[in-house]
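Observations on chain architecture
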Amino acid sequence: MKKYDFIIAGGGMAGLSLAYHLSQSPLRDRSILILDKEDKKQNDRTWCFWEEGEGPFESILFRKWQTVEFHGTGFAGPLDLGNYQYKMLRGIDFYDHVRSHLAQFPNIEFRQATINRVKETPQGGFVIANDEPYMATYVFDSTFPLDLKDPDRHNLLQHFKGWVITTQKPCFDTGRPRMMDFRTDQRGDCRFVYVLPFNETTALVEYTIFNERLLPEADYEQALKQYIANFLDTGSYQISETEYGVIPMSDVPTKERPSKHIVRIGTAGGHTKPSTGYTFQRTQRAMQAIVRSLVTRGKPRRRPSWLRKRFKLYDSILLNVLEQNRYPADDMFTRLYEDNPPTKIFKFLDEDTSLGEEFRIINSMPKKPFTIALLHVLWRRAF
Ligand SMILES: Cc1cc2nc3c(=O)[nH]c(=O)nc-3n(C[C@H](O)[C@H](O)[C@H](O)COP(=O)(O)OP(=O)(O)OC[C@H]3O[C@@H](n4cnc5c(N)ncnc54)[C@H](O)[C@@H]3O)c2cc1C
């Protein structure tokens, strides 16, 4: 059996990103096998993320914006993103671009196959796909299913349904997406709408909820219809695409490195930010760090410093406030965006802030519910 240097189990966002970053590194000539059960020819998702300056996928961005709109309770407005831009990348553009780039490398193989098993062995990582065995020095696995049932942790879901609509009247401001619009019935949860304009008559309108249970399909659709009727002067409109997704918002510990020759990546590796669901940029950073470590040390080691673990605590506190309904979510996000510049919020969510900057953001939150949430989180962890 041929032994590869790297097997990438799952050629979705994380797997293709890792292969892309490897192809940009001194390891570009290593033998790599990318296994996925799908051909990745569908536009199955759209990624939004913020970034300072230009990133590796700048040329294939679908849209990018310097200003976003926020609609909260008693505060609304355009938010200038300063050094950041809010970027939108369509899944299909990413898959096509990265796969055709990787196709130039004779040492990188793609195989469409269903992975049945990923297993540690003394000789390396072992994968069975379509009943065929494969072996590699390291297996990078984005297919491992997360078990988000730990009762001592927070297990929320971010679930959303979106429609790409084309309207009779020009009603979208192409320079200004609505990032969070809370003008939708909260029903005791955190519910908001995104509007991402493609042009004056076409946009992705997405209804998003943070809670613990999915809704029947008709409820998302009802909320979308109501929002469009109340807040967009569309005239008639047609739906050309739909998007549905569920992203874990959980602080259940994930194992990025379950064993010597296996590394989990993407959502499976814990690269989803628990308090926001944003995954794309965190995965890029994690994949770049893995490649750097492979280049410099020959091992895919990524050990965040002890001090950085404070961000996990902040995530858990926010999840606890949401899970336990300690404060209305629409009011909480309104305070966040009213009292802090978006540049500081993005930096905080990117986990790049100093303790002083974090104190100012945390201080803008309601004291009592956040203190109770902190105590509850510490209690849960201690016992
Ligand atoms: C609809 C949607 C919209 C999202 N929008 C955003 C966003 O705007 N911003 C953001 O930061 N994050 C977003 N996310 C979250 C996150 O970025 C994506 O889920 C991202 O695709 C996760 O990357 P991944 O590589 O972990 O998983 P995936 O991209 O899902 O890749 C896993 C791959 O493994 C393959 N696979 C799984 N099981 C097997 C098997 N047994 N055998 C073979 N292949 C297998 C799958 O076919 C898939 O290609 C979104 C998620 C969804 C679902």
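Residues numbered from 1 in each chain as written. Predicted model: local features only at pLDDT ≥ 70, side-chain atom pairs only at ≥ 80, totals over all residues. Heavy atoms only, no water.

1. Side note on the pattern of salt bridges
One side chain can pair with another of opposite charge once the charged atoms of both are near each other. All chains considered together, the criterion is met by 27 salt bridges. Through salt bridges with shared partners, one network takes in Lys273, Arg282, Arg308, Asp315 and Glu351. (Salt bridge = Lys/Arg side-chain N within 4 Å of Asp/Glu carboxyl O.)

2. Remarks on the sheet that holds strand 16 (residues 237–250)
Pairing is mixed in the open sheet, where seven strands are placed in the order 6-5-13-14-15-12-16. The open sheet terminates on both sides in strands that have one partner only, identified here as strand 6 (76–80) and strand 16. Pairs of neighbouring strands in the sheet enclose a mean axial angle of 20 degrees, with direction left out of account. Pairing analysis gives nine bridges linking strand 14 (residues 190–199) to strand 15 (residues 202–211), with the strands arranged antiparallel. Considered in strand 15, the bridge of Leu196 is made with Leu204. Helix-sheet contacts for helix 5 (residues 310–323) involve strand 12 (155–167), strand 14, strand 15 and strand 16, and the interaxial angle to strand 12 is about 80 degrees. (Pairing = 2+ DSSP bridges. Helix = DSSP H or I, 4+ residues; strand = E, 2+ residues; numbered from the N terminus. Axes fitted to C-alpha atoms, helices over the stretch in contact; angles between N-to-C directions. Contact = heavy atoms within 4.5 Å.)

3. Some details on the state of the cysteines
Under the counting rule described, the total for this entry stands at zero disulfides. No disulfide involves Cys48; its sulfur sits 17 Å from that of Cys190, the nearest cysteine. Exposure remark for Cys48: the relative accessible area of 14% places this residue in the buried category. The thiol of Cys171 is unpaired, and the distance to the nearest cysteine sulfur, on Cys48, comes to 18 Å. (Disulfide = S-S within 2.5 Å. Buried < 20%, exposed > 50% of the residue type's maximum accessible area, 1.4 Å probe, protein only.)

4. A closer look at the nonpolar core
If you look at the biggest cluster of nonpolar residues, it comprises 45 residues, and the most contacted ones within it are Tyr86, Cys190, Leu196, Leu322, Met332, Phe333 and Tyr337. The leading source of residues in this core is helix 5, at seven residues. Every residue in contact with Phe333, bar those within four places of it in the chain, is listed here: Phe70, Met180, Phe182, Cys190 and Phe210. Within the second largest apolar cluster, 34 residues are counted, among which are Phe6, Ala19, Ile60 and Leu89. (Core = buried A, V, L, I, M, F, W, Y, C linked by side-chain atoms within 4.5 Å.)

5. Here's the deal with the domain arrangement of the protein chain
In terms of domains, the protein chain is made up of domain 1 (3–73 + 83–148 + 252–297), domain 2 (155–250) and domain 3 (307–382). Here the C-alpha centroids of domain 1 and domain 3 sit 29 Å apart. Contact residues are listed per partner, giving twelve residues for domain 1 and 16 residues for domain 3. For the pairing of domain 1 and domain 3, the buried interface totals around 1400 Å² over both sides, and the portion due to carbon and sulfur atoms is 59%. There are four salt bridges connecting domain 1 and domain 3. (Domains from an automatic or database assignment. Buried area = accessible area lost by both parts, 1.4 Å probe.)

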